[in-house]
Amino acid sequence: MTRELVFGKRDPQTLLGPNTADVDVTIDSDLEFKGVQLHYVIVETAAELARASVPPSLHSTAPGLVSIHFWNVQDSPAGAFTLAMVGLVARTNFKPRHFIVSAFASTAAARELLAPRCGIPVEVGDVQQREYNDAIISSVSRDGKTILEVSTHEMQIILGSAAALKIAPLLTIGRVDGEPCIIQCETSYEFSNTRRGKPKVHRFDAQALGLPLIELGMPALSAHSVVDASLHPLRFSLDIARPAEEVASTRLRAAA
Amino acid sequence: MKFGLMYEHSTPRPFTAQGQRSVFENAIQQAKVGEQIGFDSVWCVEHHFLEEYSHSSCPDLFLAAVARETTTMRLGFGIATCVPGYHSAIRLAEKAAFLDHLSGGRVEFGTGRSSTWNELGGFGADIDATKESWDEYVRAIPQMWTKDRTAFDGKHVRMPERAVLPKPYQDPHPPMWVAVTAPGTEIEAAERGLGCLMLSMAEISKNVPRYKLYRETIAKCTKPVGSFVNDSITAVTWMYCHEDDAVALARGKELFDTFSYLAGQTVEVSEIFPSNAYTAFGLLAAIRADPTAPEEATKKSNSSFLFGSPARLRETVQEWQEAGVDRLIMMIQACEIIPQDEILKSMRLFSEEVIAHFPDMEIEVKLEEVA
């Protein structure tokens, strides 16, 4: 009997589009952001839908998990901006990753800064993160229509080492020398405070967010942290269609 | 040094009735053969919802089956999950005592609290409270076993006075253990007089300080949660033994790669849910951690695993023994990738060429009987 493996089923070509980034592998220094307000939400989805939404080079989790990241950056070489990233919790071999399918930045300057460095497919949109006395609400709008809105309620401060959220490295599809591949973007975080709360998803336009098959299930986590974040130079790329278990990763540059 | 077997009952896709049954039947046969050739114990995990990785949702039933096929094999819960929503403390006390009778007093009662989002989220458990509930369970269960009638008024274990029956066969009760993965749990084990069931994929040397701390702390334990102190360390590892070292290493790699692939489907609670009850990455921390330096990316496979020729494995077991471990329990299969006859051959070679070099009175007698 042939063993059935559970790699993704999505045609990688459906993940390529006008926002697919040409990455610059010559960047060799960290990009640091101080005091980023990170709003992080994870929601379950059906395992088979998650599997159908990642390329064959990755495998999803069971249950499937949709990950939503908002960064409110006060100061950067591109000025202040807010960034939203949407994807799925995935694996390369047994390594946890977030496979980012769509991203939205509030300014064109932020897109120019981030896309070549991280490979994320950034689109400029109306991205907001708002804090109220009883909730944090983050949203993305395109052409005046809200395509994503999440909020966190009943927040409690997390003390101790759990305040350092274990956010796995990001993966996304970009181009290296014109060839599409999966890019791994590694980020370090220094957490200064974290609050955990109950998540609510008010709007999730799956089609607009690049996950047309996804239907959301039980919310798993919602947290808000203040962090110093460092984006490291790209080190690895992966085949777009074949798993790392078969073909391993490609080193883009010598590790620092 | 004692040697045992550890079962997760990983099951290959596609899931079929026959495929599932053969996973269980093969494991029972291995346990039966294991007893004849010097393995002292069979341990079985409890997992739920972990597709492929572990279909071991009812370890007590598996251990009951093994009990009826063996006569001396110790039967370890590896572990019983002490979280409301999975089991009440009363049901765990009853099941362990019942099995103790069916086996003529061979139960080892391992305890723990689960670590995956799949399970804790699936049962709707209060993730922040699992350590607290575990602590109440390990204090309440021995009382249920040893007192004619028990009442308990805790936060997670509450019951009016009742007789929890049957009482265990072993007097006063089965040895108690706790699964030790997160740093610090070895101290909590020792302070409660519990055996240390070390679940770690780290190198042997990495856990030596933890073993020492456990021994130092348990030596001072005067108020165990049970009726006695179980000063003992059991560690989990992998085993595949073959005369040809290269063949064994290749097979071992297949086993561990398969395990890693299966583990990839699961979601550790610490990965997505910040809670001070789960600050470490659990059992998979060592293999899931990303390299932070170039030399880490190319490090060799874990030398604590028992993959290799008998000569290599004797050296590795010696290292484990010198680290202070009393018993090794070994995972020997992953998703049925190795044929059953090959597994049994590996076990027999390990028995003849490795176990025999680490004499234990009980084991020596058994080997003579088989001969």
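Residues numbered from 1 in each chain as written. Chains lettered and ligands numbered in written order. Predicted model: local features only at pLDDT ≥ 70, side-chain atom pairs only at ≥ 80, totals over all residues.

A. Up close: the packing of helix 2 (residues 59-69) of chain B against helix 3 (residues 89-102) of chain B. Residue and element names in this part refer to chain B. Contact geometry for helix 2 and helix 3: axes closest at 9 Å, N-to-C directions at 10°. Regarding the angle of helix 2 to helix 3, the classification is roughly parallel. Contacts between helix 2 and helix 3 pair D60, L63, A64, A67 and R68 from the former with K95, L99 and L102 from the latter. When the residues that make up the contact of helix 2 with helix 3 are grouped by side-chain class, the tally is five nonpolar, no polar and three charged. (Axes fitted to C-alpha atoms, helices over the stretch in contact; angles between N-to-C directions. Helix = DSSP H or I, 4+ residues; strand = E, 2+ residues; numbered from the N terminus. Parallel < 35°, antiparallel > 145°, perpendicular 65-115°, else oblique. Contact = placed C-beta atoms within 7 Å. Nonpolar A, V, L, I, M, F, W, Y, C, P; charged D, E, K, R; others polar.)

B. Seen up close, the interface of chain B and chain A. Counting from both sides, the interface comprises 27 residues of chain B and, opposite them, 31 residues of chain A. Taken together, the elements giving at least two residues each to the side of chain B that touches chain A come down to helix 4 (117-122), helix 8 (245-263), helix 9 (269-272), helix 10 (285-288) and helix 11 (294-297) of chain B. Looking at the side of chain B that touches chain A residue by residue, the classes come out as 13 nonpolar, nine polar and five charged.

C. Representation of helix 3 of chain B within the structure. Residue and element names in this part refer to chain B. Compared with an ideal rise of 1.5 Å per residue, which puts 14 residues at 20 Å, helix 3 spans 20 Å between its outermost C-alpha atoms and is within 8% of the ideal. Those residues of helix 3 that fall on the buried side of the exposure criterion are A89, L92, A93, K95, A96, A97, L99 and D100. Buried residues in helix 3 make contact with helix 2, strand 3 (74-81), strand 4 (107-112) and helix 5 (130-146). Backbone geometry just after helix 3 places G104 at a positive phi near 70°. (Expected span 1.5 Å × (residues − 1). Buried ≥ 20, exposed ≤ 12 C-beta atoms within 10 Å, placed from the backbone.)

D. Up close: the pairing of strand 8 (residues 195-198) of chain B. All names here are of chain B. What you see with strand 8 is no split at all: G195 and L197 on one side and C196 and M198 on the other are buried throughout. Bridging between strand 7 (residues 176-180) and strand 8 involves four bridges; their strand directions are parallel. By the bridge assignment, W177 is partnered in strand 8 with G195. As for the winding sense of the linkage, the β-α-β connection from strand 7 through helix 6 (residues 185-191) to strand 8 is right-handed. Sheet topology places strand 8 next to strand 9 (residues 233-241); three bridges connect them, and they run parallel. In the strand pairing of strand 9, L197 is matched with T234. (Pairing = 2+ DSSP bridges. Right-handed = clockwise from strand over helix to strand, strands pointing away.)

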